Amino acid sequence: MNSDTPVADQTDHPGEPVAVVAAGAIPWRVTKGALEVLLIHRPRYDDWSWPKGKLDAGETVPECAAREVWEEIGLQAPLGIPLPAIHYHVAAGLKVVRYWAVKVNGAQLRPDGKEVDSVMWCSPDRAASFLSNPSDVEPLEYLEKAHVRGELDTWPLVLIRHAKAKPRSSWTKAEGDRPLAATGQRQAVAVQRLLEVWKPQRVVTSPWARCVATIAPYAKASGVKVKLVEALTEHTHQRSPKKTAAAVEALFDKQLPIAVCTHRPALPTALKQLGQHMSQTLRALLPSADPYLSPGEVIVCQVARGSERKIVSVEQVKPFDD
């Protein structure tokens, strides 16, 4: 039996340890007003499914999803809304697969010829009839309902707490010049890899050294412009939280993928401002106690395109191990 072949028992047993973790995505597009999704055929298993695969060492789950989509069908696109994870049993034990939606904007898809030998665009109903694993229908149904609600086509807004800085107690110069610690420098590289999953086209940051250094690896690798905003510093936030809130609100203006980096003391204000654009259910997912985020940790909000700044999903992601 192949290791990915579902076995008869597909029930989800509470408390059962997960033996295999994988991630993937459901590619989608709208053609002549109709939603279509992309199925892949895997010759190894002779099945129809979604692009997915197991985590590599040191890889986060979102990074795995983006990599698998690239490797299997040649698509480089930011992940969209998270979809329900599925659980099923394989020979090794319980397997969990986390999925995201990913929009295909006319990109030429290229099956790798090994893992995937063909692809098929079709309606959600037709896709459901082709899927070899019944569990794969659940994220498809969620995606289709999101489309009906106008919450499938989104752009990402990523909030970052700067990576670990040198201790205040050991720094005698200006607070704005306090740099990243060696651990923080490694965290900044991990932040870069994670940001590449959502591909922000703009970066806004506090001009203090530790924030700039946190986003520098991504800015250098991607070539995006960085905007320094004084209202995101600790000092300005302490004097005028309203200015910090206004800077966060301005992130919505251009409706383009964006990342913003700030300091722990400013996080509650930033989170409160973002919370004004989401449902009570989503607000409950936001961290509500100090320190809110670990150094280098991120909150990813998906904002519905064409909406009045409506956030439709929230994810909290740590791009590294402690």
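Residues numbered from 1 in each chain as written. Predicted model: local features only at pLDDT ≥ 70, side-chain atom pairs only at ≥ 80, totals over all residues. Heavy atoms only, no water.

**Q** Help me understand the overall build of the protein chain in this model?
**A** Assigned secondary structure in the protein chain consists of nine helices and 13 strands. Against the globule reference of 20 Å for 322 residues, the protein chain gives a C-alpha radius of gyration of 21 Å, in line with a compact fold. Judged by the C-alpha coordinates and their principal axes, the protein chain covers about 65 × 40 × 40 Å. Counted over contacts in the protein chain with a minimum sequence separation of 6, partners at least 24 positions apart contribute 71%. As displayed, the protein chain has an accessible area near 14900 Å², and 51% of this comes from carbon and sulfur atoms. (Helix = DSSP H or I, 4+ residues; strand = E, 2+ residues; numbered from the N terminus. Rg over C-alpha atoms; globule rule 2.2 N^0.38 Å. Contact = heavy atoms within 4.5 Å. Areas by Shrake-Rupley, 256 points an atom, 1.4 Å probe, with all protein chains shown as cover.)

**Q** Where do I start with the packing of aromatic side chains in this structure?
**A** Two aromatic rings, taken as a pair, are described by how far apart their centres are and by the angle between their planes. With the rule as written, the count across this model stands at two aromatic pairs. Between Trp48 and Phe130, the ring centres sit 6.0 Å apart and the planes meet at 85°, which makes this aromatic pair edge-to-face. Here Phe130 lies in helix 2 (residues 124-130) and Trp48 lies in strand 3 (residues 47-49), a separation of 82 residues in the sequence. The class for Trp48 is buried, based on a relative accessible area of 19%. With relative accessibility at 28%, the residue Phe130 sits in the partly exposed group. Measuring from ring centre to ring centre gives 6.2 Å for Trp155 and Phe252, while their planes differ by 75°; the resulting arrangement is edge-to-face. Placement of Trp155 in strand 8 (residues 154-161) and of Phe252 in the loop between helix 7 (241-249) and strand 11 (258-262) is noted, with a sequence separation of 97 residues between them. Comparing Trp155 with Phe252 shows no difference in burial state: the two are buried. The aromatic ring of Trp121 is capped on one face by Arg29, whose charged end is 4.0 Å from the ring centroid. (Phe/Tyr/Trp six-rings, centres within 6.5 Å; stacked < 30°, edge-to-face > 60°. Buried < 20%, exposed > 50% of the residue type's maximum accessible area, 1.4 Å probe, protein only. Lys NZ or Arg CZ within 6 Å of the ring centre and 35° of its normal.)

**Q** Is there a simple way to explain the sheet that holds strand 8 in this structure?
**A** Within a beta sheet, neighbouring strands are joined by backbone hydrogen bonds and run either parallel or antiparallel to one another. If you trace the six strands from one edge of the open sheet to the other, you get 10-9-11-8-12-13, paired in mixed fashion. Each edge of the open sheet carries a strand with a single partner, namely strand 10 (226-228) and strand 13 (311-317). Adjacent strand axes in the sheet meet at a mean angle of 20° when their direction is disregarded. The pairing of strand 8 with strand 11 spans five bridges and is classified as parallel. (Pairing = 2+ DSSP bridges. Axes fitted to C-alpha atoms, helices over the stretch in contact; angles between N-to-C directions.)

**Q** I keep staring at the domain arrangement of the protein chain and nothing clicks. Help me out?
**A** One widely used convention gives an interface's size as the accessible area the parts lose upon coming together. When the domains of the protein chain are assigned, the result is domain 1 (20-149) and domain 2 (154-317). The C-alpha centroid of domain 2 is placed 29 Å from the C-alpha centroid of domain 1. Counting residues at the interface gives 14 residues for domain 1 and eleven residues for domain 2. Between domain 1 and domain 2 the total buried area reaches about 990 Å² when both faces are included, carbon and sulfur atoms providing 63% of it. Applying the counting criterion to the domain 1 and domain 2 interface returns two salt bridges. A salt bridge links Glu315 to Arg98, with the nearest nitrogen and oxygen atoms 3.6 Å apart. Here domain 1 and domain 2 share four residue pairs in polar contact (both at pLDDT 80 or more) between them. Elements with a minimum of two residues in the side of domain 1 that touches domain 2: helix 1 (61-73) and strand 6 (93-103). No other element matches the three residues that helix 1 contributes to the side of domain 1 that touches domain 2. In the side of domain 1 that touches domain 2, the residues fall into eight nonpolar, four polar and two charged. (Domains from an automatic or database assignment. Buried area = accessible area lost by both parts, 1.4 Å probe. Salt bridge = Lys/Arg side-chain N within 4 Å of Asp/Glu carboxyl O. Polar contact = N/O pair within 3.5 Å; in protein donor to acceptor, adjacent residues only side chain to side chain. Nonpolar A, V, L, I, M, F, W, Y, C, P; charged D, E, K, R; others polar.)

**Q** Just checking my understanding: could you explain the pairing of strand 2 (residues 34-42) for this structure?
**A** The side chains of a regular strand alternate between both faces of the sheet. Across the nine residues of strand 2, eight count as buried, placing the element largely inside the fold. Across four bridges, strand 1 (residues 18-31) lies against strand 2 in antiparallel orientation. Counterpart to Trp28 in the pairing with strand 2 is Val37. Hairpin connection between strand 1 and strand 2: a loop of two residues separates the two successive antiparallel strands, and Lys32 in this loop has a positive phi of roughly 50°. Pairing analysis gives five bridges linking strand 2 to strand 7 (residues 118-122), with the strands arranged antiparallel. Looking at the pairing, Leu38 lines up with Trp121 of strand 7. Across three bridges, the pairing between strand 2 and strand 3 is antiparallel. In the strand pairing of strand 3, Ile40 is matched with Ser49. Between the antiparallel neighbours strand 2 and strand 3 lie four residues, among them Asp46 with a positive phi of about 50°.

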